[in-house]
Amino acid sequence: MSRNRLSNLLSLLQSQAPDLRLRAAQSLGELGDKQAVPALVDRLVDEDPAVSEAAAQALLALRGREVAARLAPLLSVEQVSLRNSAMSLLRRIGEDAPDLLLDLLRENDRDLRIFAADILAQVDAPGVTRALIKTLKDPDPNVRANAATSLGQRAEAVAVPGLVGLLNDEEWVAFAAIEALASIGDASAVEPLIKCLQSGSQILCVAVAEALGRISDPRVLPPVLQAMRKAEGPLLQHLLSALLKGANPTMLKQMDRKLRERACMGLIDALTDPSHQVKADALLGLAVLGDST
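Residues numbered from 1 in each chain as written. Predicted model: local features only at pLDDT ≥ 70, side-chain atom pairs only at ≥ 80, totals over all residues. Heavy atoms only, no water.

K.L.:
What exactly am I supposed to notice about the overall build of the protein here?
P.N.:
Of the regular secondary structure elements, the protein holds 19 helices and zero strands. Here the protein has a C-alpha radius of gyration of 25 Å; the compact-globule value for 293 residues is 19 Å, and the former is much larger. Put simply, 62% of the contacts in the protein that link residues at least 6 apart link residues at least 24 apart. Summing over all exposed atoms, the protein offers an accessible surface of approximately 14,500 Å²; the carbon and sulfur share of this is 51%. Of the side chains in the protein, 32 bear a positive and 37 a negative charge, and the two mean positions are spaced by 3 Å. (Helix = DSSP H or I, 4+ residues; strand = E, 2+ residues; numbered from the N terminus. Rg over C-alpha atoms; globule rule 2.2 N^0.38 Å. Contact = heavy atoms within 4.5 Å. Areas by Shrake-Rupley, 256 points an atom, 1.4 Å probe, with all protein chains shown as cover. Lys, Arg positive; Asp, Glu negative; His and termini not counted. Charge placed at Lys NZ, Arg CZ, Asp CG, Glu CD.)

K.L.:
Which parts of the structure should I look at to understand the packing of helix H18 (residues 257-270) against helix H19 (residues 276-289)?
P.N.:
Between H18 and H19, the shortest axis-to-axis distance is 8 Å and the interhelical angle comes to 150°. As far as their axial angle goes, H19 and H18 are roughly antiparallel. For H18 against H19, the interelement crossing comes out left-handed. Of the residues in H19, those in contact with Arg260, Ala263, Cys264, Leu267, Ile268 and Ala270 of H18 are Val278, Lys279, Ala282, Gly285, Leu286 and Leu289. Here the contact of H18 with H19 is built from residues that sort into nine nonpolar, one polar and two charged. (Axes fitted to C-alpha atoms, helices over the stretch in contact; angles between N-to-C directions. Parallel < 35°, antiparallel > 145°, perpendicular 65-115°, else oblique. Left-handed = near helix turned anticlockwise from the far one by under 90°. Nonpolar A, V, L, I, M, F, W, Y, C, P; charged D, E, K, R; others polar.)

K.L.:
Looking at this model, I keep getting lost on the side chain of Asp140. Mind explaining?
P.N.:
With respect to the helices and strands, Asp140 occurs in the loop between helix H9 (128-135) and helix H10 (141-154). One polar contact links the side chain of Asp140 to the main-chain amide nitrogen of Asn142, over a distance of 2.8 Å. Contacts of Asp140, omitting those with residues within four sequence positions, involve Arg110 and Arg113. (Polar contact = N/O pair within 3.5 Å; in protein donor to acceptor, adjacent residues only side chain to side chain.)

K.L.:
Explanation requested: the environment of Lys279 in the structure shown.
P.N.:
You can see Lys279 is positioned in helix H19. C-alpha of Lys279 to C-alpha of Ile268: the two residues are eleven residues apart in sequence and 9.0 Å apart in space. In contact with Lys279, other than residues within four places in its own chain, are Ala270, Leu271, Thr272 and Asp273.

K.L.:
Hey, could you run me through helix H8 (residues 110-120) in this one?
P.N.:
Extensive coverage of H8 is indicated by the burial of eight of its eleven residues. Turning to H8, its buried residues are Leu112, Arg113, Ile114, Phe115, Ala116, Ala117, Ile119 and Leu120. In this fold, the buried residues of H8 make contact with helix H6 (80-93), helix H7 (98-104), H9 and H10. Looking at where H8 begins, the residue whose side-chain oxygen comes 2.8 Å from the main-chain nitrogen of Asp111 is Asp109. (Buried < 20%, exposed > 50% of the residue type's maximum accessible area, 1.4 Å probe, protein only.)

K.L.:
What's the story with the layout of surface pockets in this structure? I'm lost.
P.N.:
One simple way to see leftover space: roll a probe sized like a water molecule over the atoms. For the largest pocket, the calculated volume is near 290 Å³. Around the largest pocket, the lining comprises 19 residues; the ones closest to its centre are Gln237, His238, Ser241, Val278 and Asp281. Elements with a minimum of two residues in the lining of the largest pocket: helix H14 (202-215), helix H16 (233-246), H18 and H19. Element by element, the count of residues in the lining of the largest pocket is highest for H16, at eight residues. Tallied by class, the residues present in the lining of the largest pocket amount to nine nonpolar, five polar and five charged. Reported here for the second largest pocket is a volume of approximately 240 Å³. Along its surface, the second largest pocket is lined by Leu102, Leu105, Arg106, Arg113, Arg130, Ala131, Lys134, Thr135, Lys137, Asp138 and Pro139. No other element matches the four residues that H9 contributes to the lining of the second largest pocket. When the residues that make up the lining of the second largest pocket are grouped by side-chain class, the tally is four nonpolar, one polar and six charged. (1 Å grid on protein atoms, 1.4 Å probe; cavity = no way out; pocket = protein on both sides within 12 Å on 5 of 7 lines; lining within 4 Å. Points joined across faces, edges and corners; volume = space filled by probe spheres on them.)

K.L.:
Can you help me understand the packing of H8 against H10 in this one?
P.N.:
Each packed pair of helices is defined by two parameters, the angle between the axes and the distance between the axes. Viewed as axis vectors pointing N to C, H8 and H10 meet at an angle of 10°, and their least axial separation amounts to 8 Å. The angle between H8 and H10 falls in the class roughly parallel. Facing H8, whose interface residues are Arg110, Arg113, Ile114, Ala117, Asp118 and Leu120, H10 presents Asn142, Val143, Asn146, Ala147, Ser150 and Arg154.

K.L.:
Can you walk me through unusual backbone geometry in this structure?
P.N.:
Negative phi is the rule for most residues except glycine; trans is the rule for most peptide bonds. Within the chain, Arg63 stands out as a residue other than glycine whose phi angle is a positive 35°. Note on placement: Arg63 falls in the loop between helix H4 (49-62) and helix H5 (65-71). Positive phi values are uncommon outside glycine, yet Ala155 reaches one of about 55°. Checked against the element boundaries, Ala155 lands in the loop between H10 and helix H11 (160-164). Judged by its relative accessible area of 40%, Ala155 falls in the partly exposed class.

What follows is the structure, given as C-alpha cells:
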C-alpha cells in the first residue's frame, strides 16, 4: 500500500496542476519515504513558489544524509534560486552529514569554499569550528572573510587567536574579523583591538570602537580617551559609546575640559542619528557628563 501511495504521489508531483503538485509535495513529506528525495529536489524550482516551498519543507521533514548528499552538488549550479534553496536547507540539516560540507572547504573552486564556510556557521557538529579556524588561512580573502563571519556567529572563544591574526589582513577581511571578535566578546581580543584602533584606517577604527564598546573592558578607556582627541563624526560617536559602557560616571567627570567639550559636542551630534539606540546612548552620556554645554 505504501509503495503504491508513493508511486501515486510521485506521479502527482509531475502534474500540470499546481494545486496537485502542492498536495503531493506536502504528502511526500508526511509519508517519510527517502525514495521521494530526488523528485522533491527537482521541485525546489517549481514555477509555483508554493510548490517549491512545500518541496523544501518536505525535504526538511525527511532530512538525513541522503537529502544532504542530493543538495550539496547544487551549490555548483548557475541557477541562483536553486543554489540559494540548497544553501538554506543545508544550514538546517548539515549536521546530518557535516563531512560533506567540510570536504567542500578543501575544494579548488573558491565559490564552493565560500558557500561551505557560510553554511557551516549554522551546523552544530564536531570539527566544524576547528575547520573554520583553519579556513582563516585560505589563500582567497573572500573565503577568509566568510570563515571569520561564520566563526563570529558560532561565538566560540577558541576562534579568537585565529581571528586576531586577520586584523592585519586586507581591509574587508579585517573588518569581518573585528565584527566576529565583537560577537564573541572575549576579553583576550581587547589588546589586539586596541592596537588596531591606534594604527587602522578610519573605517576599521569605527568597527574597532564599536567592538570595544560591546566587549566593555576597563583596559579600553585610556586608548579610547586618546583617540577621542582627534576623532570626528561616526568614529567619535562610537568611541563615546565605548567610553560610556566601560567607564564609571566619576571617571567621565574627571576628563579634562577640552575632552569633555569634544565628548559633549559628539553626543549632541549623535542626537540626529537615525538609530534610536544611538540617540538613547547619547542622551545617557549627556546626562552622565552633566555639562552645561
